[in-house]
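Structural characterization, general
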Amino acid sequence: MKFYEFASQSTSFRFSRGWQRGSHLKLRDTAGAIWDMSNATPNTFTDGPINVIYLKTALPIIFVMGMNGLLSVADVLFLGIYVGPDALAAVTLMFPIYMLIVALSTLVANGMSSILARSLGANDIDEARATFAGAHGLAIGLGFVLVVLFVLFGRPVTLLAAGGSETLAEMGLIYLSITVFSSPFLFVLSVNSDALRNEGRVGFMAAMSLLVSTANIVFNYVLIAVLDMGVAGSAYGTAAAQALAFSIIFAFRFFGETPLRPSTLLSHSLRANWGQILALGAPQSLNFIGLALGSAAIIAAL
């Protein structure tokens, strides 16, 4: 056999073996993808009549918003009855700043929600996990930035909001300091709550929101009325209720059927998709910023 004939046959043989190996790998990957899809936890947003999906999504959210309103009423009653009008006035004067904290929380959670919903709907689990990890990194980062800003400017801002009243400013500073220092925790909880909704677990999300509202009312009563902790009791009650809900969600992330486990934060970058999250979360966040500015203008006018 001449050399060029041997080389030609050898090349053809290697090409044939390479093609077979590549085909085998593609078939294996395809089979693995089909297996993952068939064994994935079903998402209620991708299966079922659209009217039923709307109702199953909207009704729990309406219920949650109603419970949040009830919590606000209960908090006002506890402060007004057991602490006094100054405490109620101090917390009310801090409302615009609190809305800015909510705006930051919404910025991250809503921005992540848009990307995460599309990734889960397309069964792109790796992209969903990357977005989930990036949202946690952004939430924690914004939380710590907020803490630093509060340490630097918290006292003069509360004094300005209180119209120069030292008494109101001091109580407002106590309330805000607890709220701000627990804000990284609040932001992470918001991310996980929205992730539950995108995973099709709206009932679980609503149950956790109900738990937060109910536990918050109970904690506030104990801390304000029984332990006489004043405005600090209101802030600590909120933080404790959020910690309770987060512990349950965290346990679910560890032991439940979910593709978004805590190990995702170690296997993916905490800076993933920050630009998209901020861009998509900005519109809803601006609504809360507008509410904060509007309430600040009303308070200043009064």
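In this report, the structure presented in the accompanying data block is examined. All of these numbers come straight from a predicted model, not from anything done at the bench.

1. Re the overall build of the protein
On a plain count of helices and strands, the protein comes out with eleven helices and zero strands. Along the chain direction, N to C, the helices and strands of the protein fall in the order α-α-α-α-α-α-α-α-α-α-α. Taken across its 302 residues, the protein has 41% of its residues classed as buried. Counting contacts in the protein only where the partners sit at least 6 residues apart, residues at least 24 apart contribute 80% of the total. Total accessible area on the protein is roughly 16500 Å²; 70% of this is exposed by carbon and sulfur atoms.

2. Observations concerning the environment of Asp-228
Here Asp-228 shows up in the loop between helix H8 (202–226) and helix H9 (231–255). Asp-228 sits in the exposed class, given a relative accessible area of 59%.

3. Considering the pattern of salt bridges
Should their charged atoms come close, side chains of opposite charge can pair. What the rule picks out here adds up to three salt bridges. Across the salt bridge formed by Asp-194 and Arg-197, the nearest N and O atoms sit 3.0 Å from each other. A residue pair is termed a helical-turn pair when its members lie 3 or 4 positions apart in one helix, as Asp-194 and Arg-197 do in helix H7 (residues 183–198) at three residues. Notably, a salt bridge pairs Arg-253 with Glu-199, separated by 2.8 Å at the nearest N-O pair. In this pair, Arg-253 sits in helix H9 while Glu-199 sits in the loop between H7 and H8, placing the two residues 54 residues apart along the sequence. Comparing Arg-253 with Glu-199, the two get one shared label, buried.

4. Topic: the packing of H7 against H8
Interhelical geometry of H7 versus H8 gives an angle of 150° and a closest axis separation of 7 Å. The angle between the axes of H7 and H8 places the two elements in the roughly antiparallel class. On H8, the residues touching Ser-193, Leu-196 and Arg-197 of H7 are Val-202, Phe-204 and Met-205. A class-by-class count of the residues in the contact of H7 with H8 yields four nonpolar, one polar and one charged.

5. Section: a nonpolar patch on the surface
The grouping of Val-73, Leu-77, Ile-81, Tyr-82, Val-83, Val-218, Tyr-221, Val-222, Val-226, Leu-227, Met-229 and Tyr-236 at the surface amounts to a nonpolar patch, some 1100 Å² of accessible area in total. Contributions of two or more residues to the nonpolar patch are made by helix H2 (50–82) and H8. Relative to the elements of secondary structure, Tyr-221 occurs in helix H8.

6. Some remarks on the nonpolar core
Counting residues in hydrophobic clusters, the biggest one holds 59 residues, and the most contacted among them are Val-108, Met-112, Leu-116, Phe-187, Val-191 and Val-231. At the level of elements, H2, helix H3 (85–93), helix H4 (95–121), helix H5 (125–161), helix H6 (166–181), H7, H8 and H9 are the ones that each hand at least two residues to this core. Per-element tally for this core: the top contributor is H5, with nine residues. If near-sequence neighbours (up to four positions away) are discounted, Val-231 is found in contact with Leu-79, Ala-87, Val-91, Met-171, Ile-174 and Tyr-175.

About the thresholds
- Within each chain, residue numbers correspond to sequence positions counted from 1 in written order.
- Residues qualify for local features only when their pLDDT is at least 70, as the model is predicted, and side-chain atom pairs are given and counted only at 80 or more; totals for whole chains, interfaces and linings, by contrast, use all residues.
- Processing note: side-chain calculations cover all non-hydrogen atoms of the structure and skip hydrogens and water entirely.
- Starting at the N terminus, helices and strands are each numbered in turn, a helix being any DSSP run of H or I of at least four residues and a strand any DSSP run of E of at least two.
- Residue exposure (1.4 Å probe, protein chains only): buried if accessible area is under 20% of the type maximum, exposed if over 50%, otherwise partly exposed.
- In this analysis, two residues are considered to be in contact whenever any of their non-hydrogen atoms come within 4.5 Å of each other.
- Areas reported as accessible are Shrake-Rupley estimates using a 1.4 Å probe. Residue values count occlusion only from the protein chains shown.
- Each reported salt bridge corresponds to a side-chain nitrogen of Lys or Arg within 4 Å of a carboxyl oxygen of Asp or Glu.
- Orientation is described by lines fitted to C-alpha atoms, with helices fitted over the stretch in contact, and by angles between N-to-C directions that extend from 0 to 180 degrees.
- For classification, angles of less than 35 degrees are called roughly parallel, those exceeding 145 degrees roughly antiparallel, those between 65 and 115 degrees roughly perpendicular, and all remaining angles oblique.
- Residue classes follow a fixed rule: Ala, Val, Leu, Ile, Met, Phe, Trp, Tyr, Cys and Pro count as nonpolar, while Asp, Glu, Lys and Arg count as charged, and any other residue, Gly among them, counts as polar.
- Here a patch means residues that are over 30% exposed by relative accessible area and free of salt bridges, tied together within 9 Å if like-charged and within 5 Å if nonpolar (Val, Leu, Ile, Met, Phe, Trp, Tyr).
- The nonpolar core is taken to be a set of buried Ala, Val, Leu, Ile, Met, Phe, Trp, Tyr and Cys residues, with the residues joined through side-chain atoms within 4.5 Å.

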